[in-house]
Amino acid sequence: MIDFAQRVDTVEPAAPLVMSNLVSELTEQGQDIVDLSVGQPDYETPEEIKQATKDAIDAGHTTYTPSNGIPKLRRAVATHLNERHGLDYAAENVIATPGGKQALFETVQAIVDPGDEVIVFEPVWSSYEPMVTLAGGETVRVDLTPHEFHLEPALDDLEAATTDDTALIILNSPVNPSGMVFSEGAFEGVRDLAVEQDIPVISDEIYKELIYDKDQPSLAALDGMKERTITISGVSKCYSMTGYRLGYMAAPTDHTAQAGKVHSHSVSCAPNFVQHAAAMALTEADTDAIAGEMTEMFRRRRDTLVDLFADRGVHIPVPESGFYAMIPVDADDDMQWCKDAAREAGVGLVPGKAFGTPGYVRASLVDTEDRIRQAVDRLATEGFI
Ligand SMILES: Cc1ncc(COP(=O)(O)O)c(C=O)c1O
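On a predicted model such as this, the values are computed, not experimentally measured, just so you know.

K.L.:
Can you lay out the overall build of the chain for me, pointing to particular residues and giving the numbers?
P.N.:
For the chain, the count of helices and strands is 13 helices and twelve strands. Expected size for 385 residues packed as a compact globule is a radius of gyration near 21 Å; at 20 Å, the chain falls within 12% of this value. Taking the principal axes of the C-alpha coordinates as reference, the chain spans close to 55 × 55 × 55 Å. Burial analysis of the chain (385 residues in total) assigns 51% to the buried set. Look at the contacts in the chain between residues 6 or more apart in sequence, and 74% of them connect residues 24 or more apart.

Following this line, the structure appears as structure tokens:
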């Protein structure tokens, strides 16, 4: 018998994965499921990026690389962030990681001590809290549900949530799971508090290229924030490269020095040929065209979903980006509701409980408008809405 560490007992497997496992099981049994549970675009990785990947393998880029990443990629990330998001980073501010998730994990490991508090906003992406728990910290949640998932009206609650033990704020906008894009006023409010109380902030901006109409600043571009912000992003969502596992952090070099230790002792480096493909995507691919096409596709689906639910008297807080929406449901146990919806209506969704917002389910708009229509019809026919 293995005597497992207490820290792994304190976290659960990711709920979105529980649902996608159930969907796979039902599909294997022959059931047709409209799967709106997965967190990745249904968009083919662009041909030129796939070709660059094959070329990189053929060119022999199959060895380890410098731990923080190949210089070409680190430069490409800095240029991408500076030119597209108004930031001011150099290559030495960047660590390329196997997925943005690893950059988040390393950052939390580098900053959070046992007993520290980390502020997150509900609905909250389901991996932040386990990362904090695994580091021995505790999350303090600021609930955005009363404000249709917007942050600006909750800035007083944010201030009230800070204590002497606050070690970090994790800001994620555009938001997974609500699709909201926080306002400039919200970003400024976070900045004012972080500067006044000298708190570092993770700004997870991985969906930033998929915003529909609004403008959103990058946190590190605001006065006083560059020295206390860890910007997280990656190529997973905006180039539809989720399986490549390539993300990054951009941060002050004192942070990359510390997080870089966790990085070198855990993963050594991101995969070599993947780094070459990502560098090509960031420097040569037409980011506006690729992300723009996806954004338009998701916006049409968003409209379809919101309208279909409105026709049935259900108000969905209208997403402003990407491919997620939070749907209010009438359920005491939303995990059970989601399992029943998969089995009885053939629709895969993720329970809101996974994001700290029971009473909602998350839909990923990663199937066609016709299939989304079919999903809503099936939920209605089977009495779920
Ligand atoms: C909010 C958020 N941050 C970070 C990530 C990590 O993405 P990846 O590890 O694929 O770069 C995800 C993935 O779903 C996400 O939703």
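Let us keep going from here.
K.L.:
So what's going on with the domain arrangement of the chain? Residues and values would help.
P.N.:
Domain boundaries in the chain define domain 1 (6–44 + 288–381) and domain 2 (65–284). Between domain 1 and domain 2, the C-alpha centre-to-centre distance is 24 Å. In this complex, domain 1 contributes 31 residues to the contact, which on the side of domain 2 involves 30 residues. Of all the secondary structure elements, the ones that give two or more residues to the side of domain 1 that touches domain 2 are α2 (15–28), α11 (287–311) and β9 (324–328). No other element matches α11, which puts six residues into the side of domain 1 that touches domain 2.

K.L.:
For the sheet that holds strand β7 (residues 229–234), give the residues involved together with the corresponding values.
P.N.:
In spatial order, the strands read β2-β8-β7-β6-β5-β3-β4; together these seven strands make up an open sheet with mixed pairing. Both edges of this open sheet fall to β2 (94–97) and β4 (138–143), since each of them pairs with a single strand only. Pairwise comparison of adjacent strand axes, ignoring direction, gives a mean angle of 20° for this sheet. When strand β3 (residues 117–122) meets strand β5 (residues 166–172), the two strands line up parallel, connected through three bridges. Its bridge partner lying in β5, Glu 117 is registered against Thr 166.

K.L.:
Account for the site of the ligand, naming residues and giving values.
P.N.:
Close contacts around the ligand come from 13 residues, with Gly 99, Gly 100, Lys 101, Gly 234 and Ser 236 the closest. Considering only residue class, the shell around the ligand consists of two nonpolar, nine polar and two charged.

K.L.:
Requested: an account of the environment of Thr 229, with residues and values cited.
P.N.:
Summarising the element assignment, Thr 229 is placed in strand β7. Taking C-alpha positions, Thr 229 is 9.9 Å from Leu 168, a pair spaced 61 residues apart along the chain.

K.L.:
Run through the sheet that holds β9, naming residues and quoting values.
P.N.:
The strand order across the open sheet built from three strands is β9-β12-β11, with neighbouring strands paired in antiparallel fashion. With partners counted over all chains shown, the strands left at the sheet margins are β9 and β11 (350–351), one partner each. Alignment of β9 against strand β12 (residues 360–364), held across five bridges, turns out to be antiparallel. Within β12, the residue paired with Ile 327 across the bridge is Val 361.

K.L.:
Hey, could you go over helix α9 (residues 253–266) for me, with residue numbers and the actual values?
P.N.:
Look at α9: 19 Å from first C-alpha to last across 14 residues, which is about the 20 Å you get at 1.5 Å a residue. At Ala 259, α9 shows its largest kink, close to 30°. For α9, the set of buried residues is His 255, Thr 256, Ala 259 and His 263. Where α9 is buried, its residues contact β2, α5 (100–111), β7 and β8 (247–250). Ser 268 sits one or two residues past α9 and shows a positive phi near 65°.

Thresholds, definitions, all that
- Residues numbered from 1 in each chain as written.
- Predicted model: local features only at pLDDT ≥ 70, side-chain atom pairs only at ≥ 80, totals over all residues.
- Helix = DSSP H or I, 4+ residues; strand = E, 2+ residues; numbered from the N terminus.
- Rg over C-alpha atoms; globule rule 2.2 N^0.38 Å.
- Buried ≥ 20, exposed ≤ 12 C-beta atoms within 10 Å, placed from the backbone.
- Contact = placed C-beta atoms within 7 Å.
- Domains from an automatic or database assignment.
- Pairing = 2+ DSSP bridges.
- Axes fitted to C-alpha atoms, helices over the stretch in contact; angles between N-to-C directions.
- Near = placed C-beta within 6 Å.
- Nonpolar A, V, L, I, M, F, W, Y, C, P; charged D, E, K, R; others polar.
- Expected span 1.5 Å × (residues − 1).
- Bend = angle between axes of the 7 residues up to and from the residue.

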